[in-house]
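Residue-level listing of the chains:
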Amino acid sequence: MNDNLHQLRCFGCGDRISGSDAHPDFRCAHCGDLFEVEYAGWSQRQGSNRPNPGALKWLWRERRCSSEALDQSGVWRFRELLPILDNFGNAVTLREGNTPLYALTRAAKALGIDQLYAKHQGMNPTGSFKDTGMTAAMSVAKERGFEWVACASTGNTSAAMAAYAARAGLRSLVLIPEGKIAWGKLSQAMDYGAVTCQLKTDFDGCVKVLTQIVQEAPIYLLNSVNPYRLEGQKTPACEIAEAFDWNVPDHLIVPGGNLANSSALGKGFRELKDLGLVARMPHISVIQAAGANPLARSFATSDGAKLEPVEAHTRASAIRIGNPASWRKAARVIHETGGWCLDVTETEIAIAKAELGAEGLGCEPASAVTLAGLKKLRAGGKIGPSDSVVLMLTGHTLKDADYTIDFHQGTLLKENELAGHEKEIDELRRNAVAVEATPAAVLAAMKGNAG
Ligand code: F0G
């Protein structure tokens, strides 16, 4: 069986090549830009190989009742939208995707919005949205016969890559910035058997080193410059559209780091629209941390036309990225959907994260930028009370437990960051208290926290 129907198109110069002709660093030989996977004819009504939209909706839902591994994956359930393998039997899956869409009732009430949801990608097998992309690109690596795969990472990509490589029987190499990733994520790479190198540089420095390595050794690069990653990461668009009965929400809010995820979700909704599965795309907005905000700056100064890399600083370590690879793709998505790009402060991130925790969801700090960004968009009148909004929560709260404990113990934020927010933060903080081992002391502690 040959399921493979794709080619790669350069995002910069439009050059088309076959998937197997890509350079090891996935940069275009002519202009150096990134590639996108393209399926010929999908955007034309009579296009060749164009799947039948009505039949797909039925088939995808039906697969949820199947006991086949591929059907149980929330990525491969939609495999007609990612015909990237010669044989789908080569897919490496941990049953990723099919993540919950939770109503955020308290935040909705506080913000005066009728419909607010969180798509919790932290509920994936390794605890982040990276699994959806990794299943796709790791399957390609396996099918093409690579023995080694590698990535530079702020932690989640490496956790996902190490797990999927182990499942595929491949060796994996992880480059991470020393001392700058959350312990939970580092422990995952070790547990799944990766060769983990901590480099004395930042994420952007790790990318540079790895780009040189893959040109010298037969190692398959699994950073998000690999266009197959985005094919998996676009599938939450299908899940969201399906959950809304194929009427998309008005707004989708996504954290921005290396900017692949926003690009992938935009591609997903664009293809659903091209294929006639949905009538429109949601407004897709990207939120960055103020200390790692090259795209937000780019939108503020040149409407997303030029990007100056920055030296990145934020406690949301997953998005501590100053020179994002996929910024042009993300800028296109924001323009095309009428979304926005904003940044939020460390204090705003910490408060939003605690609010999500208090709704019983929790997420890692990088994910909480979405709620902090929504507050700004709502206050600025960009989002109205009757708009439906989905926040992409990208990582599980246990990924970075230190951050959460520091917040609740009151050691996370500095005095200047607390200024003006003391009351709000005090109300959210729930520090663990040392209590004598008697019922009276425990009951007294409960009274003290009754509010
Ligand atoms: N949220 C989390 C939890 C992340 O781990 C990342 C990126 C992002 C958001 C941003 O997504 O890069 O596609 O814009 N983490 C990468 C990593 C860079 O190495 O794990 P993006």
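Shown above is the structure to which this text applies.
The rules we used
Numbering of residues begins from 1 in every chain and follows the order in which that chain's sequence is written. Confidence filtering applies because this is a predicted model: local features only for residues at pLDDT of at least 70, side-chain atom pairs given and counted only at 80 or more, and all residues used for totals across whole chains, interfaces and linings. Hydrogens and water molecules were not included; the side-chain quantities draw on all heavy atoms of the structure. Criterion used throughout: strands pair if DSSP finds at least two bridges between them. Working definition: helices are DSSP H or I runs of at least four residues, strands are E runs of at least two. Numbering for both runs from the N terminus. Lines are fitted to the C-alpha atoms to define the axes, a helix being fitted only along its stretch in contact, and any angle between axes, read from their N-to-C directions, falls within 0 to 180 degrees. Should any heavy atoms of two residues lie within 4.5 Å, those residues are considered in contact. Burial status follows relative accessibility: with a 1.4 Å probe on protein chains alone, a residue under 20% of its type maximum counts as buried, one over 50% as exposed, and anything between as partly exposed. We call a crossover right-handed when, viewed with the strands running away from us, the connection from the first strand over the helix to the second turns clockwise. Proximity is defined per residue: if any heavy atom of the residue lies within 4 Å of a molecule or strand, that residue is considered near it. Here a polar contact is recorded for every N or O atom pair within 3.5 Å, except that within protein the pair must consist of a potential hydrogen donor and a potential acceptor, and residues adjacent in sequence are included only if both atoms are side-chain atoms. Computed by Shrake-Rupley with a 1.4 Å probe, the accessible areas treat only the displayed protein chains as cover when residues are assessed. Surface patches are drawn from residues lacking salt bridges whose relative accessible area is over 30%; two like charges belong together within 9 Å, two nonpolar side chains (Val, Leu, Ile, Met, Phe, Trp, Tyr) within 5 Å. Counted as salt bridges are all cases of a side-chain nitrogen of Lys or Arg within 4 Å of a carboxyl oxygen of Asp or Glu. Roughly parallel means an angle under 35 degrees; roughly antiparallel, over 145; roughly perpendicular, 65 to 115; everything else is oblique. For a crossing to be left-handed, the near helix must be turned anticlockwise from the far one by less than a right angle; the clockwise case is right-handed. Only Asp, Glu, Lys and Arg are considered charged, only Ala, Val, Leu, Ile, Met, Phe, Trp, Tyr, Cys and Pro nonpolar, and every remaining residue, Gly among them, polar.

Participant: Tell me about the sheet that holds strand β9 (residues 219–221), residues and numbers included.
Facilitator: The four strands are arranged β8-β7-β6-β9 in an open sheet whose pairing can be described as parallel. Both edges of this open sheet fall to β8 (195–199) and β9, since each of them pairs with a single strand only. Mean inter-strand twist for the sheet, computed between neighbouring axes without regard to direction, equals 25 degrees. In terms of strand pairing, strand β6 (residues 148–152) meets strand β7 (residues 171–177) through five bridges, oriented parallel. Bridge assignment links Cys151 to a residue of β7, and that residue is Val174. On the sheet, helix α5 (residues 156–168) packs against β6 and β7 and is oriented at approximately 170 degrees with respect to β7.

Participant: Which residues make up the pairing of β6, and what values go with them?
Facilitator: Every other side chain in a regular strand lies on the same face of the sheet, so the side chains alternate between the two faces. The buried count for β6 comes to four of five residues, which makes it a mostly enclosed element. What joins β6 to β7 is α5, and the crossover it makes is right-handed. The pairing of β6 with β9 spans three bridges and is parallel. Paired with Trp148 across the bridge in β9 is Ile219.

Participant: How would you sum up the sheet that holds strand β2 (residues 16–17)? Please name residues and give values.
Facilitator: Taken in spatial order, the three strands make up an open sheet running β2-β1-β3, and their pairing is antiparallel. At either end of the open sheet lies a strand with only one pairing partner, and these are β2 and β3 (35–39). Relative to β3, strand β1 (residues 6–10) runs antiparallel, the two being bridged by five bridges. Its bridge partner lying in β3, Arg9 is registered against Glu36.

Participant: Tell me about the pairing of strand β11 (residues 283–289), and please be specific about residues and values.
Facilitator: Burial analysis of β11 places six of its seven residues in the buried class, the great majority of the element. Crossover strand β10 (residues 251–255) to β11 through helix α10 (residues 260–274) is right-handed. Direction of pairing for β11 relative to strand β12 (residues 341–344): parallel, over a ladder of four bridges. The residue bridging Ala289 from the neighbouring strand is Val344, located in β12.

Participant: Now, about the site of the ligand: what can you tell me, with residues and values included?
Facilitator: Lining the immediate environment of the ligand, one finds 20 residues, of which Ser153, Thr154, Asn258, Leu259 and Thr394 sit closest. Asn156 has a polar side-chain atom sitting 2.8 Å from an oxygen atom of the ligand. Within the backbone of Thr157, an N or O atom sits 2.8 Å from an oxygen atom of the ligand. Look at the ligand: alone it shows 480 Å² of surface, and the protein chains cover 99% of it.

Participant: Lay out a nonpolar patch on the surface in plain terms, naming residues and giving numbers.
Facilitator: Together, Val433, Val435, Val442, Leu443 and Met446 give the surface a local cluster of nonpolar side chains, amounting to about 460 Å² of exposed area. Relative to the helices and strands, Met446 is located in helix α18 (residues 439–448).

Participant: Before we move on, can you summarise the packing of α10 against helix α12 (residues 327–337) with the specific residues and values?
Facilitator: It is the contact of α10 with α12, at a shortest axis distance of 8 Å, that shows an interaxial angle of 50 degrees. Viewed along their axes, α10 and α12 adopt a mutual orientation that is oblique. Where α10 crosses over α12, the handedness of that crossing is left-handed. Facing α10, whose interface residues are Ser262, Ser263, Gly266 and Arg270, α12 presents Lys329, Ala330, Arg332, Val333 and Glu336. For the contact of α10 with α12, the class distribution of residues is two nonpolar, three polar and four charged.

Participant: Report on the side chain of Ser153, specifying residues and quantitative values.
Facilitator: Looking at the secondary structure, you find Ser153 in the loop between β6 and α5. By relative accessible area, Ser153 is classed as buried at 0%. At a separation of 3.3 Å, a polar atom in the side chain of Ser153 contacts the main-chain amide nitrogen of Thr157. Once residues within four sequence positions are removed from consideration, Ser153 is found in contact with Ser158, Leu175, Ile176, Pro177, Ile181 and Phe203.

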